[in-house]
Amino acid sequence: SRPRYDYDLVVLGGGSAGLACAKEAAGCGARVLCFDYVKPTPVGTKWGIGGTCVNVGCIPKKLMHQASLLGEAVHEAVAYGWNVDDKNLRPDWRKLVRSVQNHIKSVNWVTRVDLRDKKVEYVNSMGSFRDSHTIEYVASTSPGAESRQVTSEYVVVAVGGRPRYPDIPGAVELGITSDDIFSYEREPGRTLVVGAGYVGLECACFLKGLGYEPTVMVRSIVLRGFDRQMSDLLAAMMTERGIPFLGTTIPKAVERQADGRLLVRYRNTTTQADGSDVFDTVLWAIGRKGLIEELNLEAAGVRTQDDKIVVDAAEATSVPHIFAVGDIIFGRPELTPVAILAGRLLARRLFAGATQLMDYDDVATTVFTPLEYSCVGMSEETAIALRGADNIEVFHGYYKPTEFFIPQKSVRHCYLKAVAEVSGDQKILGLHYIGPVAGEVIQGFAAALKSGLTVKTLLNTVGIHPTTAEEFTRLSITKRSGRDPTPAS
Ligand code: FAD
Ligand code: NA7
């Protein structure tokens, strides 16, 4: 008999979450259609399938981070005995952008081939709800193109988010965001980065590493939501590397000067003093908004909060056959591996009889500043708030990576911290690490933490010498003891 709907599953959004869900569902035998469409940014940047991570997020960010680390490494190489002739090394911004974009295009291509192989239908259009089982879209961008409809038993909304712009004169016309920087034709030059979330800090750091002059404008505190001590340490480290912070400051207006540069007017909200400065580029990194506006969610009856979709533990929205995964869901970590795993598990529950729910707790994450900050589990203040200061033991220490000695790199900012229960084997609640390749270090410990890691186990683990990760097997100084956590030599 003819199926009741055109598809078993329609996925709105071909990013990390949507693609993972669509491919897994097709693998389970479902008939799947995936819509993905990217609206160009105000300065006209657009990109292919794959969503934020591949095109304007994790991947280009990590490549620019690497480019910046390599610049630093060239200088260190001299201390290690390399003869590097040109001491005034400068990156070729356009060449870097071209290489990054070539890599992205190859990923876009592989993604399309993969969808074809896995029998997921793909439509490069914006989808929206006509009713709770019907999706409407315009099949082509040519004027007057007709709108079409498809029906589906289930719908998964995975539309992600896009950067916000502040509501001030000149913001949209003259500023750019992370959606533009990785394909920016012009050298960024002196750049004002507005916003001190991880996106803002990471952009400021790779720009600095590439030889530009970023300034970070901070409305309140850096890295809201992360461990306070670690965040402040990171900010101190950035200041020391020559990245100025404009504290408690908000932008008021951006104007283009006669010489083409950008005059930014701002106000310090502590002193109420107005100020201004001139930049070549203004980059807004003030957070992201969920793309719910054009979904016509009212027609389907899906409940929203702010600009996100409210879901239950099984990612179901207020309409039982409509689900949401990834950045678009309210109150969950906005990270690619979270989006992928949640999308995959959802597909298995819908089409393979699985019951496993996504576990959003103890997700590890990394801020890719030059010395990276990575963490998993609770911040010190969350542990204290939840368990009480008397029930928490915090182990900490500064350490000296061996490879820092010859180039005489500052070692004062390599720091780690374990937040644990005070009694018994001292179950670990959170691990925090600032240092080289922090993400690589914390990934393995994240698996251990999910398996119930204790301080006792850590101290009985033989380290790999000489690494920085082995410092976690040598925790000995508690904050409570008041002992100096700086190493003797
Ligand atoms: P997206 O990847 O945003 O995909 C949604 C897709 O749906 C987009 O292509 C969008 O254009 C499309 N779409 C929207 N509306 C519609 C519609 N109505 N119809 C059809 N298509 C639609 N995460 C990490 O884990 N590690 C990192 O290092 C990291 N770095 C980041 C750096 C930056 C600068 C940014 C901005 C993000 C970073 N992230 C990182 C976050 C990560 O990119 C996101 O969590 C992830 O991409 C979310 O996936 P998603 O599928 O929910 O949304
Ligand atoms: P975040 O983490 O939301 O950070 C946004 C930053 O921008 C943060 O420092 C904000 O300060 C600041 N902000 C927000 N609005 C303004 C305005 N209007 N003016 C100046 N500064 C502002 O976003 P990211 O893009 O870094 O990260 C995206 C997501 O990834 C994020 O939602 C996390 O869940 C993970 P505030 O602290 O609010 O004073």
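Residues numbered from 1 in each chain as written. Chains lettered and ligands numbered in written order. Predicted model: local features only at pLDDT ≥ 70, side-chain atom pairs only at ≥ 80, totals over all residues. Heavy atoms only, no water.

1. A word on the site of ligand 2
Here comes step 1: Around ligand 2 sit 15 residues in total, of which Ala196, Val199, Arg219, Ser220 and Arg224 are the nearest.
Here comes step 2: Between an oxygen atom of ligand 2 and a main-chain N or O atom of Ala285, the distance comes to 3.5 Å.
Here comes step 3: Within the complex, 75% of the 770 Å² of free accessible area of ligand 2 lies under protein.
Here comes step 4: Per-class residue counts for the shell around ligand 2 are seven nonpolar, four polar and four charged. (Near = heavy atom within 4 Å. Polar contact = N/O pair within 3.5 Å; in protein donor to acceptor, adjacent residues only side chain to side chain. Areas by Shrake-Rupley, 256 points an atom, 1.4 Å probe, with all protein chains shown as cover. Nonpolar A, V, L, I, M, F, W, Y, C, P; charged D, E, K, R; others polar.)

2. Remarks on the site of ligand 1
Here comes step 1: What surrounds ligand 1 is a group of 36 residues, the closest being Asp36, Tyr37, Thr52, Lys61 and Asp327.
Here comes step 2: Between ligand 1 and Tyr37, the relevant distance is 2.8 Å, taken from an oxygen atom to a main-chain nitrogen or oxygen of the residue.
Here comes step 3: One of the side-chain N or O atoms of Asp327 is found 2.8 Å from an oxygen atom in ligand 1.
Here comes step 4: Surface burial for ligand 1 is 95%, taken as the share of its 1000 Å² of free accessible area covered by protein chains.
Here comes step 5: When contributions to the shell around ligand 1 are tallied by element, the ones reaching two or more residues are helix H1 (16–27), helix H2 (51–56), helix H3 (58–79), helix H7 (198–209) and helix H10 (336–351).
Here comes step 6: Among the elements that line the shell around ligand 1, the one with the most residues is H2, at four residues.
Here comes step 7: A class-by-class count of the residues in the shell around ligand 1 yields 18 nonpolar, 13 polar and five charged. (Helix = DSSP H or I, 4+ residues; strand = E, 2+ residues; numbered from the N terminus.)

3. Things to note about the environment of Arg190
Here comes step 1: With respect to the helices and strands, the residue Arg190 is situated in strand S9 (residues 190–194).
Here comes step 2: Using a relative accessible area of 22% as the deciding quantity, one classes Arg190 as partly exposed.
Here comes step 3: As a C-alpha pair, Arg190 and His465 span 275 residues in sequence and 41 Å in three-dimensional space.
Here comes step 4: For Arg190, the contacting residues outside a window of four places in its chain are Glu213, Thr215, Arg261, Asp277, Val278, Phe279, Asp280 and Thr281.
Here comes step 5: In terms of polar contacts, Arg190 uses its side chain to reach the backbone carbonyl oxygen of Val278, at 2.8 Å. (Buried < 20%, exposed > 50% of the residue type's maximum accessible area, 1.4 Å probe, protein only. Contact = heavy atoms within 4.5 Å.)

4. Some words on unusual backbone geometry
Here comes step 1: In this chain, His465 is followed by Pro466 through a cis amide linkage whose omega measures -10°.
Here comes step 2: As for its position among the elements, Pro466 is in the segment after helix H13 (455–459).
Here comes step 3: Although it is not a glycine, Leu223 sits at a positive phi angle of roughly 50°.
Here comes step 4: Positionally, Leu223 belongs in the loop between strand S10 (213–217) and helix H8 (228–240).
Here comes step 5: The backbone of Glu315 shows a phi angle near 60°, a positive value even though the residue is not glycine.
Here comes step 6: By the secondary structure assignment, Glu315 is in the loop between strand S18 (308–309) and strand S19 (322–324).
Here comes step 7: On the basis of relative accessible area, Glu315 is assigned to the buried category, the value being 0%.

5. Observations concerning the sheet that holds strand S24 (residues 428–435)
What links the strands of a sheet is backbone hydrogen bonding, and the strands pair in either a parallel or an antiparallel sense.
Here comes step 1: With antiparallel pairing, five strands are arranged side by side in an open sheet as S20-S21-S24-S23-S22. The sheet is open, and its two edges are formed by strand S20 (365–367) and strand S22 (392–398), each paired on a single side. When strand polarity is set aside, the average angle formed by the axes of neighbouring strands in this sheet is 10°.
Here comes step 2: By the bridge criterion, six bridges tie strand S21 (residues 372–377) to S24 in an arrangement that is antiparallel. Following the sheet pairing, Cys375 is matched in S24 by His432. (Pairing = 2+ DSSP bridges. Axes fitted to C-alpha atoms, helices over the stretch in contact; angles between N-to-C directions.)

6. Some words on H10
Here comes step 1: Its 16 residues give H10 an end-to-end C-alpha distance of 23 Å, which sits within 8% of 22 Å, the value for a rise of 1.5 Å per residue.
Here comes step 2: Taken together, the buried positions of H10 are Thr336, Val338, Ala339, Ala342, Gly343, Leu345, Leu346, Ala347, Arg349 and Leu350.
Here comes step 3: On the buried face of H10, the contacting elements are H1, H2, H3, strand S6 (147–157) and S19.
Here comes step 4: Just beyond H10, the residue with positive phi is Gly353, at close to 70°. (Expected span 1.5 Å × (residues − 1).)

7. Details of the nonpolar core
Here comes step 1: One finds Met64, Trp93, Leu431 and Phe472 to be the most contacted residues of the largest nonpolar core, which totals 64 residues.
Here comes step 2: Excluding anything up to four places from it in sequence, Leu431 contacts Ser374, Cys375, Val376, Lys417, Ala418, Ile442, Phe445, Leu449, Leu453 and Phe472.
Here comes step 3: Within the second largest apolar cluster, 53 residues are counted, among which are Ala17, Ile135, Ile292 and Tyr360. (Core = buried A, V, L, I, M, F, W, Y, C linked by side-chain atoms within 4.5 Å.)

8. Brief notes about the side chain of Asp114
Here comes step 1: Note on placement: Asp114 falls in helix H4 (residues 93–117).
Here comes step 2: Only 2.8 Å separates the side chain of Asp114 from the side chain of Lys23, close enough to count as a polar contact.
Here comes step 3: In terms of polar contacts, Asp114 uses its side chain to reach the side chain of Lys118, at 2.7 Å.

9. Quick notes on the state of the cysteines
Here comes step 1: This model, assessed by the stated rule, comprises zero disulfides.
Here comes step 2: The thiol of Cys53 is unpaired, and the distance to the nearest cysteine sulfur, on Cys58, comes to 3.0 Å.
Here comes step 3: On the basis of relative accessibility, which here comes to 13%, the residue Cys53 falls in the buried class.
Here comes step 4: Free of any disulfide, Cys375 has its nearest neighbouring cysteine sulfur in Cys58, separated by 16 Å. (Disulfide = S-S within 2.5 Å.)

10. Notes on the UniProt feature "binding site: NAD(+)" (unreviewed entry) in the chain
Here comes step 1: Per the UniProt entry, the sites bearing "binding site: NAD(+)" (unreviewed entry) are Gly195, Ala196, Gly197, Tyr198, Val199, Gly200, Leu201, Glu202 and Gly287 in this numbering. Taken together, the annotated residues stretch across 93 residues yet fold into one region, lying no more than 13.3 Å apart by C-alpha.
Here comes step 2: Contact partners of Gly195, with chain neighbours within four places excluded, come to Gly200, Val216, Met217, Ala285 and Ile286.
Here comes step 3: Tracing the sequence through the fold places Ala196 in the loop between S9 and H7.
Here comes step 4: Note on Ala196: relative accessible area 10%, which makes it buried. (UniProt positions renumbered as here; feature names shortened; annotations may be inferred.)

11. As for H8
Given 3.6 residues to a turn, an α-helix orients residues that are three or four positions apart in the same direction.
Here comes step 1: End to end, H8 covers 18 Å across 13 residues, agreeing with the expected 18 Å (1.5 Å per residue, within 8%).
Here comes step 2: Along H8, the residues classified as buried are Met230, Ser231, Leu233, Leu234, Ala235, Met237 and Met238.
Here comes step 3: Measuring from the side-chain oxygen of the N-cap residue of H8 to the backbone nitrogen of Gln229 gives 3.1 Å; that N-cap residue is Asp227.
Here comes step 4: Following H8 by one or two positions, Gly242 has its phi on the positive side, about 95°.

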